[in-house]
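Next come the chains, spelled out residue by residue.
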Amino acid sequence: MELALLYSGGKDSSLAAALLDRFYDVRCVTGSFGLTDDWEHAERAAAQIGFPFERIELDRAVAEEAAERMIADGYPRNGIQRVHEHALETIAERDVDAIADGSRRDDRVPTVSRAQAQSLEDRHGVDYISPLSGFGRHAVDRLVEATFEVEQGPSEEVPKADYEDELRALIAEEHGEETVADVFPDHDQTYVRGRND
């Protein structure tokens with residue numbers, strides 16, 4: 001069975017790929033607005049852990065809407081959520097049996113409610129799977145430590161292919177770097193460099 005996994009190259013989506021690999025033909029899929037080449041980080045990470053990769057084009061209007069929402073809110077949560085929902089809708093339209101992401105039980109964003117998952121399944125004829133939804137951050141960290149070589153550090157320094165870097169670039173282009181600093185709090189990100197086994 002074919003499964004498209006939203007993939008950033010980070011620890012959560014990489015662990016999701018490893019967990020799903022026993023049951024599905026997993027393809028790591030990164031959505032990109034074409035604003036940066038950051039999707040290439042995910043392509044390299046997928047190759048390092050042994051999964052096929054695909055880049056899909058997302059609608060730039062969604063990025064612009066998300067960026068404006070983030071600026072109005074003063075924080076990224078609602079904008080990131082909007083982009084994640086758009087990315088799930090986009091991969092659900094592909095010829096796959098299932099779609100998945102690396103969202104955890106304790107994630108604030110992105111999240112997928114039970115109603116949203118059911119809607120995706122009903123409208124697109126796919127299964128939505130969130131293999132980490134029963135895991136908290138500490139459990140994920142222990143599993144990742146046993147499975148992958150991971151780089152961790154400040155978000156603006158660690159290579160990754162989540163939505164954040166493209167949204168940062170869009171906000172900087174339209175509103176300046178100082179607005180980016182106002183919207184995004186300091187936080188760490190991860191990038192998977194390979195497998196431990």
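The following refers to the structure shown.

Rules used throughout
Residues numbered from 1 in each chain as written. Predicted model: local features only at pLDDT ≥ 70, side-chain atom pairs only at ≥ 80, totals over all residues. Heavy atoms only, no water. Phe/Tyr/Trp six-rings, centres within 6.5 Å; stacked < 30°, edge-to-face > 60°. Helix = DSSP H or I, 4+ residues; strand = E, 2+ residues; numbered from the N terminus. Buried < 20%, exposed > 50% of the residue type's maximum accessible area, 1.4 Å probe, protein only. Lys NZ or Arg CZ within 6 Å of the ring centre and 35° of its normal. Contact = heavy atoms within 4.5 Å. Polar contact = N/O pair within 3.5 Å; in protein donor to acceptor, adjacent residues only side chain to side chain.

## Concerning the packing of aromatic side chains
Two measures describe an aromatic ring pair: the distance that separates the ring centres and the angle between the ring planes. Counted under the stated rule, the structure contains one aromatic pair. Seen in terms of ring centroids, Trp39 and Phe53 are 6.3 Å apart; in terms of plane orientation they differ by 10 degrees. Their pairing is stacked. Taken together, the residues span a long stretch of sequence, with Trp39 in helix α2 (residues 39-49) and Phe53 in strand β3 (residues 53-57) at a distance of 14 residues. Look at Phe53 and you get buried, because its relative accessible area is 16%. Across from the ring centre of Phe184, 4.6 Å away, lies the NZ or CZ of Arg168, which sits over that ring.

## Some thoughts on the environment of His175
For His175, the location among the structural elements is in helix α7 (residues 163-175). Its relative accessible area of 32% is what places His175 among the partly exposed residues. Separated by 161 residues in sequence, His175 and Ser14 place their C-alpha atoms 33 Å apart. When neighbours within four sequence positions are excluded, His175 is seen to be in contact with Glu68 and Ile71. One polar contact links His175 to Glu68, side chain to side chain, over a distance of 3.0 Å.

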